[in-house]
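Structural overview for review
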Amino acid sequence: ADSAATDALQDSSATAAPTATGLYPGVPSDTPWCVTLVFPELLCPGRMVFVVHQRDVDAWVRDHGANFSLQLRSPCLSDMVEGVMAAESSYEHWGLLHRLQRVLEVLDTAEAAGAAGMAFMFTWLRFSSNKLLDWQRCFSYQPRDVTWAQQQVVERFAEKARSAADPAVRMYSRMALSKMSRGGGNGDEIRMGILNIMRDHGIKEGNRGGLDEPFLEQWHQKIHQCSSPEDFIIAEAYLAYLHSANHDDWWRVLEKNGISKEHMESWEQPITALPMHLPQLIQAIQHYHWVLKTCHAGAELDTALTCAQGFVDPDLRWHLYDLLANRNAWWAPGKTLELRRRLKPYWQAPGSSRDLLLLDIALESWLRMLIERQDKRELSGDDLVELMGLVLGNAALTGDSDELQLVCAQWEAVRANPDRWSRAWCLAASAALARVTLALSAFADGLCGLVQVCHPSEPCPLCCYRGVLVVCRLAWLVPAQD
């Protein structure tokens, strides 16, 4: 059927070759016109992928660097999931680069499938981010390839988070972005940067003579064959060790970020050696650490603000840096929410930079952390009222839910009532809290119904309803963890 559909497409394209002037005498040659392709129902492909050739300037027009893709049939979520399962579980050559390329291929299909499809994309990328899926399996790639793929995927998700018609698609796109690297930057600088550090400081590299430093040689081999977000964490740990000459600091930073000795030794390009103390490398490694972060870091507050600072007005930029310098101050939670509200029109603007949305995600995460670490038992009743306003305001900005907006507005009306703690105020607050409870419960149930794990032998009703074990199938690819 695919071959027949291709033949039909070729036949149709052959009839589209004449110019507008040839088909319609008297019509100027630069008049915009369209081509209609009609496929027999049985031969119609699932989608059509193409690029546009602009003949007058001999240029190829693409969709944000990727091919245009038109969904011609209603997407079959089960087919998409089965393809991902086969790749993740049985492909001999597979890794992070292949996963990102597959994401680009199936993202439009997932969007067309709605909430279930995008929930699968989020969970798939979350498993990858948490290193529960292979990042390298019998395959090597250059840093510039993976950083380009990361950028393409992030930009596609950012566009859907801004402009998708379905609120669920916007929400899951945003959630997926929180688990991804920024991408872009200079991939070749990652590859050459480590070599230049070794050469400039007389460190042995390959057959080139010099100081034998096994750790740098092993790290250099890993970066050249499988650069990943783990590398900027390794650079951060290396800097901690170079400053202190204590290997405890090396392990502390690695373990804080989920990288163990056993994990590093299990890589196809393993790192088994401990670093030597070479303090003369501090300045060079600091620069290299920044290069790695601009490519591999995601919604991390410092990096996100540095990358997004050129896309906001000077006043907002000043307040963002003021928050960054006082991020643990008592007023930081309220300031963070205020800045998120001011930032929203920027990242929602058509064609805005992905860095603006990553910055908003970083601010959301920081505000959530500030709230969660509060000891609620030490807060007064008034403080708890204000804290509830911050929580709901943060959720309403993130959740893309009309109901969350309404309960946030209701609580704001209760909070602003000057007759606080009167009987009438307490009744209004109780009613508002009851509605908040129902709204948050329904919102959380909707999320859990799409992303929580059940056993394949006992599928949940939602899985049975869709006829495909979506997230559950993916989860059971991962070995049991203690």
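Here the residue index of a chain counts from 1 through its sequence in written order. Owing to the predicted nature of the model, reporting of local features is limited to residues with pLDDT of at least 70; listing and counting of side-chain atom pairs is limited to 80 or more, with chain, interface and lining totals taken over all residues. Only hydrogens and water are set aside; all other atoms, that is, all heavy atoms of the structure, feed into the side-chain values.

1. Comments concerning the packing of aromatic side chains
Working definition: a ring pair exists when centres of Phe, Tyr or Trp rings (six-membered ring for Trp) sit within 6.5 Å. Plane angles under 30 degrees give stacked, over 60 give edge-to-face, the rest tilted. In the structure shown here, the tally under the stated rule is eleven aromatic pairs. Pairing tyrosine 91 with tryptophan 94 gives two aromatic rings, centres 5.7 Å apart and planes at 85 degrees, and the pair type is edge-to-face. Under the relative-accessibility criterion, tyrosine 91 is labelled partly exposed at 37%. Exposure classes here rest on a 1.4 Å probe applied to the protein chains alone. A residue is buried below 20% of its type maximum, exposed above 50%, and partly exposed in between. The class for tryptophan 94 is buried, based on a relative accessible area of 3%. Aromatic ring contacts, followed pair by pair, group Phe215, Trp219, Tyr238, Trp250, Trp251 and Tyr288 into a single cluster. Lysine and arginine charges are scored as sitting over a ring when NZ or CZ, respectively, is within 6 Å of the ring centre and within 35 degrees of the ring normal. If you follow lysine 222 out to its NZ or CZ, it ends over the ring of tryptophan 267, 5.2 Å from the centre. In this arrangement the basic side chain of arginine 327 is found over the ring face of tryptophan 366, its NZ or CZ atom lying 5.8 Å from the centre.

2. What about unusual backbone geometry?
In the Ramachandran plot, alanine 245 falls in the positive-phi region, its phi being about 60 degrees despite a non-glycine side chain. To qualify as a helix, a DSSP run of H or I must reach at least 4 residues; to qualify as a strand, a run of E must reach at least 2; elements of each kind are numbered from the N terminus. Mapped onto the elements of the fold, alanine 245 is located in the loop between helix H10 (230-244) and helix H11 (247-256). The backbone of aspartate 400 sits at a positive phi, close to 50 degrees, despite the residue not being glycine. Overall, aspartate 400 belongs to the partly exposed group, its relative accessible area being 32%.

3. Thoughts on helix H19 (residues 402-416)
The periodicity of an α-helix, 3.6 residues per turn, causes residues three or four positions apart to be oriented the same way. Expected helix span is taken as 1.5 Å per residue step, with the number of steps being one fewer than the number of residues. End to end, H19 covers 21 Å across 15 residues, agreeing with the expected 21 Å (1.5 Å per residue, within 8%). Taken together, the buried positions of H19 are occupied by Leu404, Val407, Cys408, Trp411 and Val414. One side of H19 carries all its buried residues, which in axial view fall inside an arc of 120 degrees. More than 90 degrees from the buried face of H19, the exposed residues found are Asp402, Ala413 and Ala416. Two residues form a contact once any of their heavy atoms are found within 4.5 Å. Those residues of H19 hidden inside the fold are in contact with helix H18 (381-399) and helix H20 (423-451). N or O atoms closer than or at 3.5 Å make up a polar contact, with two conditions inside protein: a donor-capable atom paired with an acceptor-capable one, and, for residues adjacent in sequence, both atoms drawn from side chains. Where H19 begins, the side chain of serine 401 points an oxygen toward the backbone nitrogen of glutamate 403, at a separation of 3.3 Å. This arc is taken over the directions from the axis of the helix to the C-beta atoms.

4. As for the packing of H10 against H11
Fitted lines through C-alpha atoms serve as axes, helices being fitted only where they are in contact, and the angles separating the N-to-C directions of these axes extend from 0 to 180 degrees. Packing of H10 against H11 brings their axes to within 8 Å, and their N-to-C directions diverge by 155 degrees. Regarding the angle of H10 to H11, the classification is roughly antiparallel. As H10 packs across H11, the resulting crossing turns out to be right-handed. For the pair formed by H10 and H11, the contact residues are Ile233, Ile234, Glu236, Ala237, Tyr238, Ala240, Tyr241 and Ser244 on the first element and His247, Asp249, Trp250, Arg252, Val253 and Leu254 on the second. Angular relationships are summarised with four words: roughly parallel below 35 degrees, roughly antiparallel beyond 145, roughly perpendicular across 65 to 115, and oblique for the angles in between. If you view the pair so one helix is near and one far, a crossing is left-handed when the near helix is turned anticlockwise from the far one by less than a right angle, and right-handed when it is turned clockwise.

5. Examining empty space enclosed by the protein
Two kinds of site are reported from a 1 Å grid over the protein atoms alone, namely cavities, where a 1.4 Å probe fits but cannot get out, and pockets, open sets with protein on both sides within 12 Å along at least five of seven lines, and residues are called lining when an atom falls within 4 Å of a point. Grid points are joined across faces, edges and corners, and a volume is the space filled by probe spheres set on the points. Per the counting criterion, the structure on display carries three cavities of 30 Å³ or more. Computed from the structure, the second largest cavity encloses a volume of approximately 40 Å³. Elements with a contribution of two residues or more to the lining of the second largest cavity: helix H14 (301-308), helix H15 (314-325) and helix H17 (354-372). At three residues, H15 tops the list of elements feeding residues into the lining of the second largest cavity. When residues are sorted by character, Ala, Val, Leu, Ile, Met, Phe, Trp, Tyr, Cys and Pro go into the nonpolar class, Asp, Glu, Lys and Arg into the charged class, and all the rest, Gly among them, into the polar class. Grouping the constituent residues of the lining of the second largest cavity by class yields seven nonpolar, no polar and no charged.

The values reported here are purely geometric and, on their own, carry no functional implication.
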